Amino acid sequence: MSIREIVELILASKRDVVVVAIAIVANSIALLVSPYLLGLIIDESIAKGRLDLLPQLVSLLVVTVLAQWAAMLIRTIKIEAIGQRVLRDLRHSLFEKYVKATLDFHKENQLGDLVSRVVNDTSVVNEAIVTGLLNVLGDIVSMTGSLAVMVYLSPQLTLVSLVTVPLMVFIAKKLGVRLRRTWREVRERVSRMTTVVEENISGIEVVKSFGLEENALARFDRVSREVYRFSIRASVLAGLFFPLMNVASSLSLAVVIAYGGYLCLTGMLSVGLLVAFTQYVSRLMAPINELVFVYDALQSALASLDRIFEILRSEKVEADEGLELVNVRGDIVFDHVWFEYEPGTPVLKDVTFSIKSGEIVAVVGHTGAGKTTMANLLMKFYEPTKGKITIDGVDIKSVKRSSLRRFVSYIPQETYLFPGTIVANIKVVKPDATDEEVMEVCRKLGIHKFIEKLPNGYYTDVGEIGKRLSLGEKQLIAIARAMLKDSRIVIFDEALSSVDAETENMIKSALRELLKGRTGIVIAHRLSIARDCDRILVLSDGRVVEYGTFEELMEKQGMFYDMYKSQIEESISIQ
Ligand SMILES: Nc1ncnc2c1ncn2[C@@H]1O[C@H](COP(=O)(O)OP(=O)(O)O)[C@@H](O)[C@H]1O
Ligand SMILES: [Mg+2]
């Protein structure tokens, strides 16, 4: 099971595990020796008036105390080191899964949820299962040692000292467990509060335009009040719990002194041993809090562990194996391609067409016709349900994904820009490019002036002006990326939202420049763009209904003709 995998992760740091084991044993021994020494000092030196023994025995005591401290220090540091390593490995595996997972996987999982698994669940697992368990192991060793010595010194007194243990377990179960749950509630509410803040700030335009400010505030106040309520409850519980545990452990000390005092007075126990005994009792009791917490923490950590392994076991990963493409010419064929996202609802139906190397084909059709889906298939984001797609005659099913994607540039409808400068955003496709190279590319595309006009030109921080860049302007950056990548095949999915005339012209001429000498698929909403392409493919409800040159399709007076006419009329009526 998953616990086994965690144990394997822990054991991966073999050397640290050995050191921890040694430190635990050393710490326990030192813990057991010092009360005994104390007893010796009292019985052999003080009670017998042997001043000469005092310095030696006290020095020995100091040495054990120091040894105990050193062992504890090493134990703590090494356990933390093991924990951090497990944490790092888990996070690495999770994030690796995220970036290598298929798009399906990402559609199924919410962003916030994925973030929370990498950030929160891993640390819960680390705290409870790794450092928690290792520390408990250490505690159990020293508790067992204390108990053994106590039984050795006096079985009756040991029995007496344990009378408060049931009480402590009772308090721990009643209060301790509730305290921990309340802490968890606090954490949960805090993260809910974070979500409310995030949602309302990212949707601030909607909030304002619909006058929802007061609603937002009310929602925020509601969670904020809960954070307050649970935090107060937690502090009350903590205030009750920890002192009560102390009281219980002091009570057992009182019982030990009472009964032990009686044993001393009747000559059955020495004073030194009684003092030593009381120390063993506190050593036995001290970690009980800890044990209760870890027990409860373990239960919630198992849930986190499930969430982590649910992702790690997911099989929705893009395998990166198959043929390596070399020197792609750029002949593309869709050969009776069928595709469905949901079984039973085909989105592409028997799509067949071919594009010769160097040709530019426009794909037009109403929203939902399946245009973007075609691009997704060509990028191998998804596999056709039936039929095949070939590049230069090779079925892309058998081609290595990374190899395929090296030869295809995809400019999606909505370009994502990473935080950082414009120039860095263009360079993501070719990290070793120089800034000068990037500018050269932009000059060629005719967008140099546009970028220069931004507040800091090429070095403008996208984070700072992100909201000011329109979808169309972001696409210009994406075109520059594609140009720098210099791939044989280009897929361009025109931005849907209204792009102003100036940007539209920039996009058109940049695109024309980019497509020179390449094979291109241009998903066009503005049919004037389609007009510039070599051929036009009309897609309707997942089927190819027309395929030909602009002139041919106009002459045919079919679907494209109608779409074109209505768009022209529309633009005339707007003017
Ligand atoms: N991930 C998906 N899961 C299920 N259905 C999808 C998914 N993506 C798109 N679709 C559906 O597939 C059809 C074609 O979508 P799409 O290719 O985006 O159309 P277009 O780009 O032509 O507007 C639509 O009916 C859409 O709802
Ligand atoms: Mg689309």
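Note that the coordinates shown come from a computational prediction; the quantities given were computed from them, not determined experimentally. All residue numbers refer to position in the chain's written sequence, counted from 1. Going through the entries in the order they are written, you letter the chains from A and number the ligands from 1. Only residues with pLDDT of 70 or above have their local features reported here, since the model is predicted, and side-chain atom pairs are shown and tallied only from 80 upward, although totals for entire chains, interfaces and linings are computed over all residues. Only hydrogens and water are set aside; all other atoms, that is, all heavy atoms of the structure, feed into the side-chain values.

With respect to the site of ligand 1
- Summary of the distance rule: residues count as near a molecule or strand when at least one heavy atom falls within 4 Å of that molecule or strand. For ligand 1, the set of nearby residues contains 13 residues, the closest of which are Gly 368, Gly 370, Lys 371, Thr 372 and Thr 373.
- Distance and chemistry together define a polar contact, namely a pair of N or O atoms within 3.5 Å, with one atom able to donate a hydrogen and the other to accept it when in protein, and with adjacent residues in sequence counting only for side-chain atoms on both sides. Between Gly 368 and ligand 1, the recorded distance is 2.7 Å, taken from a backbone N or O atom to an oxygen atom.
- One of the backbone N or O atoms of Ala 369 is found 3.2 Å from an oxygen atom in ligand 1.
- Here a strand is any run of E in DSSP of at least two residues, a helix any run of H or I of at least four, and the numbering for each starts at the N terminus. By residue number, the principal contributor to the shell around ligand 1 is helix α12 (residues 371-378), which donates three residues.
- Amino acid classes used here: Ala, Val, Leu, Ile, Met, Phe, Trp, Tyr, Cys and Pro are nonpolar; Asp, Glu, Lys and Arg are charged; the rest, including Gly, are polar. Residues that form the shell around ligand 1 fall into these classes: four nonpolar, six polar and three charged.

Quick notes on the domain arrangement of the chain
- What counts as a domain boundary in this text is fixed by an automatic or database domain assignment. In terms of domain boundaries, the chain breaks down into domain 1 (1-152 + 296-318) and domain 2 (332-574).
- Two residues qualify as a contact provided that any one of their heavy atoms is within 4.5 Å of a heavy atom in the partner residue. Each side of the interface is counted separately: domain 1 has four residues, and domain 2 has five residues.
- Note on definitions: buried area is the accessible-area loss of two parts on being combined, 1.4 Å probe, summed for both. Together domain 1 and domain 2 conceal approximately 420 Å² of surface at their shared face, both sides included; 47% is due to carbon and sulfur atoms.
- Contact with domain 2 buries surface across domain 1, with Leu 103, Asp 104 and Glu 318 losing the most and accounting together for 87% of the total.
- Throughout this description, the term salt bridge denotes a Lys or Arg side-chain nitrogen within 4 Å of a carboxyl oxygen of Asp or Glu. Where domain 1 meets domain 2, there are one salt bridge.
- Here Arg 405 and Glu 318 are joined by a salt bridge, their closest N and O atoms 3.0 Å apart.

Quick notes on the environment of Asp 486
- Structurally, Asp 486 can be placed in the loop between α18 (471-485) and β7 (489-493).
- Distance in space between the C-alpha atoms of Asp 486 and Met 439 is 15 Å, their sequence separation being 47 residues.

Regarding the pairing of strand β1 (residues 332-340)
- The sheet contact formed by β1 and strand β2 (residues 346-355) spans six bridges and is antiparallel. What sits directly across from Ile 332, in β2, is Ile 355.
- A pair of strands is treated as paired once DSSP finds two or more bridges between them. Bridge analysis of β1 against strand β4 (residues 386-391) gives five bridges, and the strand direction is antiparallel. Paired with Trp 338 across the two strands is Lys 386, which belongs to β4.

Concerning the pattern of salt bridges
- Taken as a whole and judged by the stated rule, the model has 34 salt bridges.
- Arg 50 serves as the salt-bridge partner of Asp 52, at 3.1 Å between the closest nitrogen and oxygen.
- Burial classes: relative accessible area under 20% of the type maximum marks a residue as buried, over 50% as exposed, and values in between as partly exposed (1.4 Å probe, protein chains only). Taking relative accessible area as the criterion, Asp 52 reaches 46% and is therefore assigned partly exposed.

Concerning the side chain of Thr 415
- Checked against the element boundaries, Thr 415 lands in the loop between β6 (408-411) and α14 (422-427).
- Overall, the relative accessible area of 7% leaves Thr 415 in the buried class.
- Sequence-distant contacts of Thr 415, that is, excluding residues within four places in its chain, are made with Lys 474, Gln 475, Ala 478 and Arg 481.

Description of the sheet that holds β7
- Read from one edge of the open sheet, six strands run β6-β7-β8-β3-β9-β10, paired in mixed fashion. With partners counted over all chains shown, the strands left at the sheet margins are β6 and β10 (543-548), one partner each. Averaged over all pairs of adjacent strands, the angle between strand axes in this sheet comes to 15 degrees, irrespective of strand direction.
- Orientation is described by axes fitted as lines to C-alpha atoms, over the contacting stretch for helices, and by angles from 0 to 180 degrees between their N-to-C directions. Across the sheet, α12 is in contact with β3 (360-364), β6, β7, β8 (519-523) and β9 (535-540); its angle to β8 comes to roughly 150 degrees.
- Along the sheet, helix α19 (residues 501-515) makes contact with β3, β6, β7 and β8, crossing β7 at roughly 160 degrees.

Things to note about unusual backbone geometry
- Of note, the phi angle at Asn 327 is positive, near 50 degrees, even though the residue is not glycine.
- Mapped onto the secondary structure, Asn 327 falls in the loop between α11 (288-313) and β1.
- Even without being glycine, Asp 486 reaches a positive phi, approximately 60 degrees.
- For Asp 486, a relative accessible area of 53% puts it in the exposed group.

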